[in-house]
Amino acid sequence: MPLEQITSQTLSPHCMHCMLDKNLDACLEDVAWQERADYMRVVLRTVADGSQTMTAPETSDALGGILRKRFGIVRGVKRPLC
């Protein structure tokens, strides 16, 4: 990995790919495919919009909030929303 990528404050292509994979995997398989597709569109927009202004931890936190809000999931564990 190039040093500029390691020290960059913006997301690298590898980071973006990994975040998308992890968020798709975190979504429960029993969720209807259309709902999962809608969720992934929000994830894609968040990563694309934040990739120039947010660090990886900031983007990850934003994605975690979306996952919690939509599905009541915290780090891959289903939890009640309230």
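The structure this text deals with has already been given above.
It should be emphasised that the depicted structure is a prediction, and the values quoted were computed from it without experimental measurement.

Parameters and conventions
Residues numbered from 1 in each chain as written. Predicted model: local features only at pLDDT ≥ 70, side-chain atom pairs only at ≥ 80, totals over all residues. Heavy atoms only, no water. Helix = DSSP H or I, 4+ residues; strand = E, 2+ residues; numbered from the N terminus. Buried < 20%, exposed > 50% of the residue type's maximum accessible area, 1.4 Å probe, protein only. Contact = heavy atoms within 4.5 Å. Areas by Shrake-Rupley, 256 points an atom, 1.4 Å probe, with all protein chains shown as cover. Polar contact = N/O pair within 3.5 Å; in protein donor to acceptor, adjacent residues only side chain to side chain. Core = buried A, V, L, I, M, F, W, Y, C linked by side-chain atoms within 4.5 Å. Axes fitted to C-alpha atoms, helices over the stretch in contact; angles between N-to-C directions. Parallel < 35°, antiparallel > 145°, perpendicular 65-115°, else oblique. Left-handed = near helix turned anticlockwise from the far one by under 90°. Nonpolar A, V, L, I, M, F, W, Y, C, P; charged D, E, K, R; others polar. Patch = residues over 30% accessible without salt bridge, like charges linked within 9 Å, V, L, I, M, F, W, Y side chains within 5 Å. Salt bridge = Lys/Arg side-chain N within 4 Å of Asp/Glu carboxyl O. Lys, Arg positive; Asp, Glu negative; His and termini not counted. Charge placed at Lys NZ, Arg CZ, Asp CG, Glu CD. Expected span 1.5 Å × (residues − 1). Arc of directions from axis to C-beta.

1. Quick notes on the overall build of the protein
Link 1 in the chain: Counting its secondary structure elements, the protein contains four helices and two strands.
Link 2 in the chain: Buried positions account for 30% of the 82 residues belonging to the protein.
Link 3 in the chain: Looking at the protein alone, contacts between residues at least 24 apart form 51% of all its contacts between residues at least 6 apart.
Link 4 in the chain: For the protein, the exposed area adds up to about 5,800 Å²; of that, 57% sits on carbon and sulfur atoms.

2. Some details on the side chain of Ser12
Link 1 in the chain: Within the element layout of this structure, Ser12 appears in the loop between helix H1 (3-7) and helix H2 (13-26).
Link 2 in the chain: Here Cys15 takes part through its backbone nitrogen, which lies 3.0 Å from a polar atom of the side chain of Ser12.

3. Looking at the nonpolar core
Link 1 in the chain: Membership of the largest hydrophobic core comes to 15 residues, with the highest contact counts inside it found for Tyr39, Val43, Leu63, Leu67 and Phe71.
Link 2 in the chain: Residue assignment for this core shows that the elements contributing at least two residues are H2, helix H3 (33-50) and helix H4 (56-71).
Link 3 in the chain: Per element, the largest residue contribution to this core is five residues, and it comes from H3.
Link 4 in the chain: Among all residues touching Leu67, those that are not within four sequence positions of it are Ala26, Tyr39, Gly72 and Ile73.

4. Observations regarding the packing of H3 against H4
Link 1 in the chain: Two elements in contact, H3 and H4, have axes whose closest approach is 10 Å; the angle formed by their N-to-C orientations is 160 degrees. As the angle between them shows, H3 and H4 are arranged roughly antiparallel. Our pair here, H3 against H4, has a crossing hand that is right-handed. Residue-level inspection shows Glu35, Asp38, Tyr39, Val42, Val43, Thr46, Val47 and Gly50 of H3 in contact with H4, the latter providing Thr59, Ala62, Leu63, Ile66, Leu67, Arg70 and Phe71.
Link 2 in the chain: Classifying every residue of the contact of H3 with H4 by side-chain character gives nine nonpolar, three polar and three charged.

5. Some thoughts on a negative patch on the surface
Link 1 in the chain: On the surface, a cluster of negative charge is made up of Asp21, Asp25, Glu29 and Asp30.
Link 2 in the chain: With respect to the helices and strands, Asp21 occurs in helix H2.
Link 3 in the chain: Under the relative-accessibility criterion, Asp21 is labelled partly exposed at 38%.

6. Some remarks on the environment of Arg41
Link 1 in the chain: With respect to the helices and strands, Arg41 occurs in helix H3.
Link 2 in the chain: A relative accessible area of 42% means that Arg41 is categorised as partly exposed.
Link 3 in the chain: For Arg41, the side chain forms a polar contact with the side chain of Asp38, separated by 2.9 Å.

7. Remarks on H4
Link 1 in the chain: Here H4 contains 16 residues, and its C-alpha end-to-end distance of 22 Å stays within 8% of the 22 Å for a straight helix at 1.5 Å per residue.
Link 2 in the chain: Among all positions of H4, only Thr59, Leu63, Ile66, Leu67 and Phe71 are buried. The arc enclosing the buried residues of H4, seen along the axis, measures out at 100 degrees, which places them on a common side. Residues of H4 that are exposed and point over 90 degrees away from its buried face: Pro57, Asp61 and Lys69.
Link 3 in the chain: With its phi angle positive at about 70 degrees, Gly72 sits one or two positions after the end of H4.

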